[in-house]
Amino acid sequence: DLLKIDTNGECLGEYVALNGPPKKWVRALSGYQKPHQTIMMMKSNSSDLDLVVSLLSKIKATPVINVVPFSDEGLVGAFDALKSRRVKGKIVFDLQDK
């Protein structure tokens, strides 16, 4: 997930789905793809994944990661965010932060 929104609500990146779900393919093929979203077809093999990684590194793309502490408050906050279905990117628990 490479879609970032700045404080003014402007999109700073692009969401790229690799072999996305059928709904995304229907939207892309019918011309109704959402702004700043792309779908890419690839085979699940190391050469295709290496190509994707090299393309992303050329444009200095970074994933959206939300790092939260591995604590009671961090766990509750992370699961509340997941349940809200408004999380952008990945949630990562920092096991070394105490």
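Residue positions are given per chain, counted from 1 along the sequence in the order it is written. With the structure being a predicted model, the display of local features is reserved for residues of pLDDT at least 70 and the display and counting of side-chain atom pairs for 80 or more, all residues being used for whole-chain, interface and lining totals. Values reported for side chains reflect all heavy atoms of the structure, with hydrogen atoms and water molecules removed beforehand.

For the rest of this paragraph, the subject is the packing of aromatic side chains. Centres within 6.5 Å make a pair out of two Phe, Tyr or Trp rings, where for Trp the six-membered ring is used; the pair is then stacked when the planes are under 30 degrees apart, edge-to-face when over 60, and tilted otherwise. Applying the stated rule across the entire model yields one aromatic pair. A centroid spacing of 6.1 Å and a plane angle of 80° characterise the contact between Phe 70 and Phe 93, whose relative ring orientation is edge-to-face. Taken together, the residues span a long stretch of sequence, with Phe 70 in the loop between β3 (65–69) and α3 (72–84) and Phe 93 in strand β4 (residues 90–94) at a distance of 23 residues. The exposure class assigned to Phe 70 is partly exposed, which follows from its relative accessible area of 45%. By the criteria applied, helices consist of DSSP H or I runs no shorter than four residues and strands consist of E runs no shorter than two, each listed in order from the N terminus. Buried residues are those whose accessible area, probed at 1.4 Å on protein chains only, stays under 20% of the maximum for their type, while exposed residues exceed 50% and partly exposed ones sit between those limits.

Glancing now at the pattern of salt bridges. Criterion for a salt bridge: a side-chain nitrogen of Lys or Arg within 4 Å of a carboxyl oxygen of Asp or Glu. Applying the stated rule across the entire model yields one salt bridge. Between Asp 80 and Lys 83 there is a salt bridge, with its nearest N and O atoms 3.8 Å apart. Of this pair, Asp 80 and Lys 83 both sit in helix α3, separated by three residues, roughly a single helical turn. Taking the relative accessible area as the measure of exposure, Asp 80 reaches 42% and is therefore partly exposed.

On the surface, Lys 23, Arg 27, Lys 34, Arg 86 and Lys 88 cluster together into a positively charged patch. Within the secondary structure layout, Lys 23 lies in helix α1 (residues 22–30). Excluding any residue in a salt bridge, patches collect residues exceeding 30% relative accessible area, merging like charges within 9 Å and nonpolar Val, Leu, Ile, Met, Phe, Trp and Tyr side chains within 5 Å. Residue-level accessible areas treat just the shown protein chains as cover; the underlying method is Shrake-Rupley with a 1.4 Å probe. For this count, His and the chain ends are skipped, Lys and Arg are scored as positive, and Asp and Glu as negative. Where a charge sits is defined by one atom per residue type, namely NZ (Lys), CZ (Arg), CG (Asp) or CD (Glu).

A word on the pairing of β3. Bridging between β3 and β4 involves five bridges; their strand directions are parallel. Residue pairing for β4: Asn 66 is matched across the bridge by Ile 91. The handedness of the β3 to β4 crossover, carried by α3, is right-handed. Strands were regarded as paired on the criterion that DSSP finds at least two bridges between them. For crossovers, right-handed means that the path from the first strand over the helix to the second runs clockwise, given strands pointing away from the viewer.

There is a patch of nonpolar side chains on the surface, built from Ile 65, Val 67 and Val 92 and spanning about 240 Å² of accessible area. Its location among the elements puts Val 67 in strand β3. Residue classification places Val 67 among the exposed positions, given a relative accessible area of 53%.

Read these as geometric descriptors, not functional statements.
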